[in-house]
Amino acid sequence: KQWYQRRVRGFPTMASPVLVLLVAALPFLVLVHAAVNITQIRALKTLSGENNANVFMTCNLIFFKNLVDYDMAENKCRDFKYGMGYTYTGTLATVNDEEKNTEIKTLLNLAYEKNSVGKNKWNADQWVWTGLRKTKNNYGFSYTKVYNTSDWQWATGENPIDFHKWMNNMPDQRKQTKHGVVYYQNQMRINHDGVWDDTFTYKEHPYACDYKGKYILGLNYVTWHHAKRECNNAGLILGKVLDGNDLNELKRLFHVFLGAVNETHAKFYKENWLWLGGNDMDSEGDWHWTDGQPMNEFYGMEWTRYMPDNAEYIGTVGQNVLSIARWGQFDDSFDHTRKRRFVCMCPQSASEGTSTGMGISAVYNSTLYNY
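Because the structure is a prediction, the values reported are computed rather than measured.

(A) A look at the nonpolar core. Formed by 53 residues in total, the largest nonpolar core has its most connected members in I62, Y207, L217, L250, F257, L276 and F330. The leading source of residues in this core is helix α6 (residues 244-258), at 7 residues. Within the second largest apolar cluster, 25 residues are counted, among which are L107, L110, A111 and I190.

Right, here's the structure in full:
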């Protein structure tokens, strides 16, 4: 292909990378929120792939469905640093505006039904932990029911701004002794309606961490065109890999959320490959991403063989779309006959290095919880 002929010569051949759980060496990404509508919410559910998903991701948040106490949630978020840079400490979610509040309640509604049969509004799965905690003036009571922002801090260390969604007469800051230990209601949780409540640290709920990565996985096995449509429906685009940093982040993402590669599978087994947005369908040899940006090779980009080769031995069309292996190699493939998982990308990350939009992914039976 013409694109292949224009490749820069002299790239070293990469050995098969060892997949390890590392922290992505990427700059801090500024979060920009987008409004969420019912059409997009349905699209988010579609991307999740299975109904029994344990983890949901957006471009701003990662939601863990398992129930843990506040301290455990805080520790798990602190240890989860994917996409945040080597020096960044992961945190429970900061919810400082209406858009973020809507996003976190949407994730709770995706994970657990509101007030399902036999449950009431105080049950564990009706709330999600966030990063807001009262750090000053913990007396165990609050007769005035006054919310003083200077007494509270997000997990980042910042005091909250004026935005809040406290339930009526909350926070009430009660005190309780349990097994000889005194507890205060100084942790904030959010329910399906986006309403806030203060409660005790030993309560167990799902939790949400801030997410600074740029990629979202789609776990359905679909054709390239179907993958593109699912990403677009969720406010995302099919993924782009522009340099070695992007490639390394993707390989870590695959390992964290999909686990180690099964060595017993054949190289081109469907579980080993995911769709990206690269294609030359408009003009043979003129490769570009779905947003129109030209697709250029970068140092460390490795093809499975002399690619793209545009083989035509399957079906009646050539190999016009790009896929990536879980170990980092690239391959041109068939857009109508192959079905694979896929990589979506937050659109602002694709163009400006910042994160926006709301896409969803899901992970199940993962080793992610075994910190």
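After that view, the rundown keeps rolling.
(B) Representation of the confidence of the model for the protein. On average, residues of the protein score 76 in pLDDT, and 71% of them reach the 70 mark or higher. A low-confidence stretch, residues 311-316 stays under pLDDT 50, and its non-local contacts, those more than four residues away or across chains, total 10 contacts. Within the model, pLDDT remains below 50 along residues 353-371, and this stretch shows 93 contacts once partners closer than five positions in the same chain are excluded.

(C) Highlighting the state of the cysteines. For the structure on display, the rule yields 3 disulfides. Across the disulfide from C77 sits C209; the S-S distance is 1.9 Å. Taking the torsion about the sulfur-sulfur bond, which here is approximately -85°, the covalent link between C77 and C209 counts as left-handed. Placement of the pair is C77 in helix α3 (residues 70-79) and C209 in strand β9 (residues 205-210), with a sequence separation of 132 residues. Assessed through its relative accessible area of 0%, C77 is described here as buried. With relative accessibility at 0%, the residue C209 sits in the buried group.

(D) Expanded view of the pairing of strand β12 (residues 273-279). Among the 7 residues that make up β12, 7 are buried, leaving the element largely enclosed by the rest of the structure. The side-chain alternation of β12 yields two buried faces, one formed by W273, W275, G277 and N279 and the other by L274, L276 and G278. As judged from the 4 bridges shared by β12 and strand β13 (residues 321-325), these two strands associate in the antiparallel manner. Among the inter-strand pairings, W275 is bridged to a residue of β13, identified as S323. The pairing of β12 with strand β15 (residues 340-345) spans 2 bridges and is parallel. Looking at β15, one finds that L274 is bridged to R341.

(E) Summary view of the packing of aromatic side chains. Using the criterion set out here, one finds 16 aromatic pairs in the structure. The residue whose ring lies beneath R189 is W127, and the NZ or CZ to ring-centre distance is 4.4 Å.

(F) Region of the structure containing the pairing of β15. Most of β15 sits inside the fold, with 6 of its 6 residues counted as buried. Direction of pairing for strand β10 (residues 215-222) relative to β15: antiparallel, over a ladder of 5 bridges. Of the residues in β15, the one forming a bridge with G218 is F342. Two strands pair when backbone bridges link them, and strand β11 (residues 237-238) and β15 are joined in this way by 2 bridges, in the antiparallel orientation. Within β15, the residue paired with L238 across the bridge is C344.

(G) Seen up close, the environment of I237. Secondary-structure assignment places I237 in strand β11. I237 gets classed as buried once you look at its relative accessible area, which sits at 14%. Sequence separation of I237 and G277 is 40 residues, and the distance between their C-alpha atoms is 7.6 Å.

(H) Molecular detail of the pattern of salt bridges. Summed over all chains, the structure comprises 10 salt bridges. Between R174 and D172 there is a salt bridge, and its shortest N-O distance comes to 3.1 Å. The closest approach of N and O atoms between D291 and K240, which form a salt bridge, is 2.8 Å. With D291 in the loop between β12 and β13 and K240 in the loop between β11 and α6, this pair connects stretches of sequence that are 51 residues apart. What makes D291 partly exposed here is its relative accessible area of 40%. In this structure K240 comes out as buried when scored by relative accessible area, which is 1%.

(I) Representation of the environment of M345 within the structure. You can see M345 is positioned in strand β15. Considering only alpha carbons, one finds M345 and I237, 108 residues apart in sequence, at a separation of 5.3 Å.

About the thresholds
Residues numbered from 1 in each chain as written. Predicted model: local features only at pLDDT ≥ 70, side-chain atom pairs only at ≥ 80, totals over all residues. Heavy atoms only, no water. Core = buried A, V, L, I, M, F, W, Y, C linked by side-chain atoms within 4.5 Å. Buried < 20%, exposed > 50% of the residue type's maximum accessible area, 1.4 Å probe, protein only. Helix = DSSP H or I, 4+ residues; strand = E, 2+ residues; numbered from the N terminus. pLDDT = per-residue confidence, 0-100. Contact = heavy atoms within 4.5 Å. Disulfide = S-S within 2.5 Å. Pairing = 2+ DSSP bridges. Phe/Tyr/Trp six-rings, centres within 6.5 Å; stacked < 30°, edge-to-face > 60°. Lys NZ or Arg CZ within 6 Å of the ring centre and 35° of its normal. Salt bridge = Lys/Arg side-chain N within 4 Å of Asp/Glu carboxyl O.

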